[in-house]
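This is what each chain is made of:
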Amino acid sequence: MSYNRNAVPDREGQVKFAQTRVTTVEKFYGFICDTLGSVIRKSARLRDKGDMFAYHVKEYADAEQLNNTTKISLLHFAENFSAVQDFRDTEIQRLEARVLKPLVKYGELCKNMKSNIRGNLTAWEREKKQIRQLEKVQVKQPANSPQVAQSDLEKASKETSIYGEQLISDIDLFERSKLADLKSVLREFVQIEMLFHSKSLEYLSKCYEAVQHIDSEADMDQFRNALLEASGLARSFTQTGSSSYTTTGTGTGYSSTLGGGTLSSSSFPSSQFSRQRARPRSMMYDDAYDEEDSYDDDDTDS
């Protein structure tokens, strides 16, 4: 039986090419998944801290009895800042479902591809062994090569050919899926981030507007009136007419409305700020907590 010696290095090149492609994807998709998982976990912690911040601002507004414009503005600020954290929570859930999970599956896909490559490599090694055995027989008996050796070689060559064709088909499908998923995942990532930041900007603008409605002078007038009244000076100053701190009420310029709506502490349930959310922990290979994530001196609340 005659055989093509060039077929052996061609198959070797095929296997090495497939190994390189799969190893590269496994390595860098793993890095991307680990880093993206870290980003999602940090965003979850930022969301929780944002909820806590809004809750404390709202608590302070509820406790404030003198600075009325500050009180109303802080309630609006807390409400809108809490809404930003709701958008952040949606961002986190979408990143995990639409970006991280489609990439995580490549951990298993790469393992399967490497298994297929090993099967191809094993078949190729068997063929090379049969070729070497046949060459030895042909050297010893050039005129009459044993039919058994030729039959074994034909069997090994056929098996290698089948594995080779399957490998070409598998690596082609793998590459096509990888490109399609990468494009889809990155597009989703950008859209999710753009939507989050656009909605956040809208509600952060409302936070800024709420702060701008704080009337420092009106609140100071209210504070001074309360201070004089607590000191027993307001009545005597009123009788002598020697002081301007005789005004009663809430002070000029105060309004309990902001942006066309009225907000009271009773319309702002504290349960909105006490929600507990699970932190996403998906990783490509395992749930090992990276060193960077484990160091957060602000995580432990007393």
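Our subject is the structure that appears above.
For the structure given in this document, a descriptive report is provided here. (Residues numbered from 1 in each chain as written. Predicted model: local features only at pLDDT ≥ 70, side-chain atom pairs only at ≥ 80, totals over all residues. Heavy atoms only, no water.)

**Considerations on a nonpolar patch on the surface**
Then step 1. A cluster of nonpolar side chains, namely L66, M220, F223 and L227, defines an oily patch on the protein surface of about 310 Å² accessible area.
Then step 2. By secondary structure assignment, the location of L66 is in the loop between α1 (7–63) and α2 (68–104). (Patch = residues over 30% accessible without salt bridge, like charges linked within 9 Å, V, L, I, M, F, W, Y side chains within 5 Å. Areas by Shrake-Rupley, 256 points an atom, 1.4 Å probe, with all protein chains shown as cover. Salt bridge = Lys/Arg side-chain N within 4 Å of Asp/Glu carboxyl O. Helix = DSSP H or I, 4+ residues; strand = E, 2+ residues; numbered from the N terminus.)

**Observations regarding the packing of aromatic side chains**
Then step 1. A full pass over the atoms with the stated rule returns seven aromatic pairs.
Then step 2. Between the aromatic rings of Y29 and Y106, the centroid separation amounts to 5.1 Å while the plane-to-plane angle is 65°, which identifies the pairing as edge-to-face. Of the two residues, Y29 sits in helix α1 while Y106 sits in helix α3 (residues 106–140), which places them 77 residues apart along the sequence.
Then step 3. On the accessibility criterion, Y106 (0% relative accessible area) is buried.
Then step 4. Between the aromatic rings of F77 and F81, the centroid separation amounts to 5.9 Å while the plane-to-plane angle is 5°, which identifies the pairing as stacked. Residue F77 and its partner F81 are both found in helix α2; the two are separated by four residues, about one turn of the helix. In this structure, F77 and F81 share a single accessibility class: buried.
Then step 5. Aromatic rings pair up to connect Y29, Y106 and F174 into one cluster.
Then step 6. The positively charged end of K206 is found above the aromatic ring belonging to Y203, 4.3 Å away from the centroid. (Phe/Tyr/Trp six-rings, centres within 6.5 Å; stacked < 30°, edge-to-face > 60°. Buried < 20%, exposed > 50% of the residue type's maximum accessible area, 1.4 Å probe, protein only. Lys NZ or Arg CZ within 6 Å of the ring centre and 35° of its normal.)

The values are spatial; any link to function lies outside them.
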